[in-house]
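# A look at the structure
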Amino acid sequence: MSALSTGEVRGGDVTTFEEFVTATAGPLLRTAVFLVYDRHVAEDLVQLAYERVARRWRRLASGNPEAYARKIIVNLAIDERRRRRDLPVGSVTEVERLAGTASAGPFCGPAGAADGELDEALRALPAKQRAVLVLRYWCDLSEQDIAETLGISRGTVKSHAARAMAALREHMTADKPRPAAKGDGAHGR
Amino acid sequence: MDDELEALLRDHYRRAAEEIHADPALLRRYRAAARPGADGTRTPNPLGKGLGLRRWALPVLAAAATAAVVLAAAMLLWRSPQPAPPQPAAPPSPAATTTPPPAPTPSRASTRPPVPESTARPRSARSSAPAAPDPASTVRPEATGNPPSERPATPRDAPHTAHDGSVADGPAARGIGLE
């Protein structure tokens, strides 16, 4: 769904940069939001990516400019998270960011209870693990493509994915009520 | 469990994506931000161009300087053997007279008319030869055309050849014979 939903745009499909922006802004923005869980930061990342693509448009136009833009966004998102982590606690930027996220939410809409749990679990993941999940289950990229996008080996992609899935599984099972726990306790007695 | 989780993730992203849209204002912002240089039709940002030039200037200058130094060194190395001129035209040394083309052996010389080699030898060398006994010719018999195998016998054989009556008449041959 994601490759379709992201609507991968090849160089031959668009003739001008304006068309490229029109065709890819939505999918790239969604990818960015899933990566950083912050709409405003995501918009800025996409803008930076477009600026870089525009600089190389002549060379990229015949290839796959969307893949290039996505690569920029993913790497900027990982760096952004690192930068945010280094911000001093209580700085104005951080407070504003947290306030904006808390009030509007990343997706600007209500989410179900299960989505809320999953969101929480995804937010808690390290940036690279989350990026691997987004590229795998939203962009439908292969392990090889993910490795190329992130600039890491396939083995590292696999290990990131496995750790992320394990963390999600743990989070989901920890949040679920455990009816069997009492029984286990009775057995224990 | 993983399959279930994968399906849950895909579903989660799909539903979340429905809520994320790039509105026209955002599209305009993206187009405006990326406008300089896009499509190569618009005037690029002069600041960006300047930065680009500055970024490229240093490596290009360094490469040019290196190339100039290498070129200069190569030119120096290439030209240094050339200025050393060949030795100026010096008067022919005595050694020069000792390296004529091989002369006929004494036995042949006896049957032939004397000194046809005047055409082969340079005139200056020849004119100096009869004036005085050539010490080189006495020391190096092969210079006179004798084969190297005859060298040890040269002092004793000289009278023999003199008996043949051809070479012994020369002053050099007499000198050898006296020794």
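Residues numbered from 1 in each chain as written. Chains lettered and ligands numbered in written order. Predicted model: local features only at pLDDT ≥ 70, side-chain atom pairs only at ≥ 80, totals over all residues. Heavy atoms only, no water.

### Considering the overall build of chain A
The helix and strand tally for chain A stands at 11 helices and 0 strands. The linear arrangement of helices and strands in chain A, starting from the amino end, is α-α-α-α-α-α-α-α-α-α-α. Buried residues in chain A amount to 46% of all 189 residues. Of the contacts made within chain A by residues no fewer than 6 positions apart, 71% connect residues no fewer than 24 positions apart. Of the roughly 9500 Å² of accessible surface on chain A, 53% is carried by carbon and sulfur atoms. (Helix = DSSP H or I, 4+ residues; strand = E, 2+ residues; numbered from the N terminus. Buried < 20%, exposed > 50% of the residue type's maximum accessible area, 1.4 Å probe, protein only. Contact = heavy atoms within 4.5 Å. Areas by Shrake-Rupley, 256 points an atom, 1.4 Å probe, with all protein chains shown as cover.)

### A short note on the confidence of the model for chain A
Do not read the predicted coordinates in detail wherever pLDDT is low. Residues and elements named next belong to chain A. Taken as a whole, chain A shows an average pLDDT of 78; of its residues, 67% reach a score of 70 or greater. Confidence over residues 1-6 falls short of pLDDT 50; this stretch has 22 contacts with residues more than four positions distant or in other chains. For the stretch residues 180-189, pLDDT sits under 50, and the model shows 0 contacts to residues farther than four places along the chain or on other chains. (pLDDT = per-residue confidence, 0-100.)

### Topic: helix α2 (residues 17-36) of chain A
All names here are of chain A. Along α2, the helix axis deviates most sharply at Thr24, where the bend reaches about 50 degrees; the proline Pro27 sits within four residues downstream. For α2, the buried fraction is high: 17 of the 20 residues fall into the buried class. Looking one or two residues past α2, Tyr37 carries a phi angle of roughly 55 degrees, positive in sign. (Bend = angle between axes of the 7 residues up to and from the residue.)

### Focus: the packing of helix α8 (residues 127-137) of chain A against helix α1 (residues 2-17) of chain B
Working note: a packed helix pair is described by the angle between its axes plus the distance between those axes. Between α8(A) and α1(B), whose axes approach to 10 Å, the crossing angle comes to 80 degrees. In terms of axis orientation, α8(A) runs roughly perpendicular to α1(B). Each of Leu133(A), Val134(A), Arg136(A) and Tyr137(A) in α8(A) lies in contact with α1(B), whose residues at this interface are Glu6(B), Leu9(B), Arg10(B) and Tyr13(B). Partitioned by chemical class, the residues of the contact of α8(A) with α1(B) number 5 nonpolar, no polar and 3 charged. (Axes fitted to C-alpha atoms, helices over the stretch in contact; angles between N-to-C directions. Parallel < 35°, antiparallel > 145°, perpendicular 65-115°, else oblique. Nonpolar A, V, L, I, M, F, W, Y, C, P; charged D, E, K, R; others polar.)

### Quick look at the packing of α2(A) against α8(A)
Residue and element names in this part refer to chain A. Running from N to C, α2 and α8 point in directions that differ by 145 degrees, and their axes come no closer than 9 Å. Here α2 and α8 pass one another in a crossing that is right-handed. Of α8, the residues touching α2 (which contributes Thr31, Phe34, Leu35 and Val36) are Arg130, Ala131 and Val134. Among the residues forming the contact of α2 with α8, the class breakdown is 5 nonpolar, 1 polar and 1 charged. (Left-handed = near helix turned anticlockwise from the far one by under 90°.)

### Overview of the interface of chain B and chain A
Residue-level contacts link 30 residues of chain B with 41 residues of chain A. For the pairing of chain B and chain A, the buried interface totals around 3500 Å² over both sides, and the portion due to carbon and sulfur atoms is 61%. When the buried surface of chain B facing chain A is broken down by residue, Tyr13(B), Ile20(B) and Tyr30(B) rank first, second and third, together holding 21% of it. Applying the counting criterion to the chain B and chain A interface returns 4 salt bridges. Between Asp140(A) and Arg10(B) there is a salt bridge; the shortest N-O distance is 2.7 Å. Here chain B is connected to chain A by 11 residue pairs in polar contact (both at pLDDT 80 or more). Every element with two or more residues in the side of chain B that touches chain A is listed here: α1 and α2 (24-33) of chain B. With 12 residues, α1(B) is the single largest residue contributor to the side of chain B that touches chain A. Residues of the side of chain B that touches chain A, tallied by class, amount to 15 nonpolar, 4 polar and 11 charged. (Buried area = accessible area lost by both parts, 1.4 Å probe. Salt bridge = Lys/Arg side-chain N within 4 Å of Asp/Glu carboxyl O. Polar contact = N/O pair within 3.5 Å; in protein donor to acceptor, adjacent residues only side chain to side chain.)

### Re the packing of aromatic side chains
If you walk through the whole model with that rule in mind, you get 8 aromatic pairs over all chains. On the basis of an interplanar angle of 45 degrees and a centroid distance of 4.8 Å, the ring pair of Phe34(A) and Tyr13(B) is categorised as tilted. Here the residue Phe34(A) occupies a position in helix α2, and Tyr13(B) occupies one in helix α1, the pair thus bridging two chains. A relative accessible area of 0% places Phe34(A) in the buried class. With a relative accessible area of 0%, Tyr13(B) lands in the buried category. Each ring, one from Tyr50(A) and one from Tyr30(B), has its centre 5.1 Å from the other, and the planes form 55 degrees; the classification is tilted. (Phe/Tyr/Trp six-rings, centres within 6.5 Å; stacked < 30°, edge-to-face > 60°.)

### Topic: a nonpolar patch on the surface
Residues and elements named next belong to chain B. Among the surface-exposed residues, Leu71, Met75 and Trp78 lie close enough to one another that they form a single nonpolar patch of about 370 Å² accessible area. As for its placement among the helices and strands, Leu71 is situated in helix α3 (residues 46-79). Judged by relative accessible area, which is 58%, Leu71 ranks as exposed. (Patch = residues over 30% accessible without salt bridge, like charges linked within 9 Å, V, L, I, M, F, W, Y side chains within 5 Å.)

### Points about the side chain of Thr24(A)
Residue and element names in this part refer to chain A. Note that Thr24 resides in helix α2. Residue Thr24 is classed as buried on the basis of its relative accessible area, which comes to 0%. A polar side-chain atom of Thr24 sits 2.7 Å from a polar atom in the side chain of Tyr50.

### Points about the nonpolar core
Tyr50(A) and Leu133(A) are the most contacted members of the largest nonpolar core, which has 63 residues in total. Considering every element that reaches this core, the biggest residue donor is α2(A), with 11 residues. Every residue in contact with Tyr50(A), bar those within four places of it in the chain, is listed here: Phe17(A), Phe20(A), Val21(A), Thr24(A), Ala25(A), Leu28(A), Tyr30(B) and Ala34(B). (Core = buried A, V, L, I, M, F, W, Y, C linked by side-chain atoms within 4.5 Å.)

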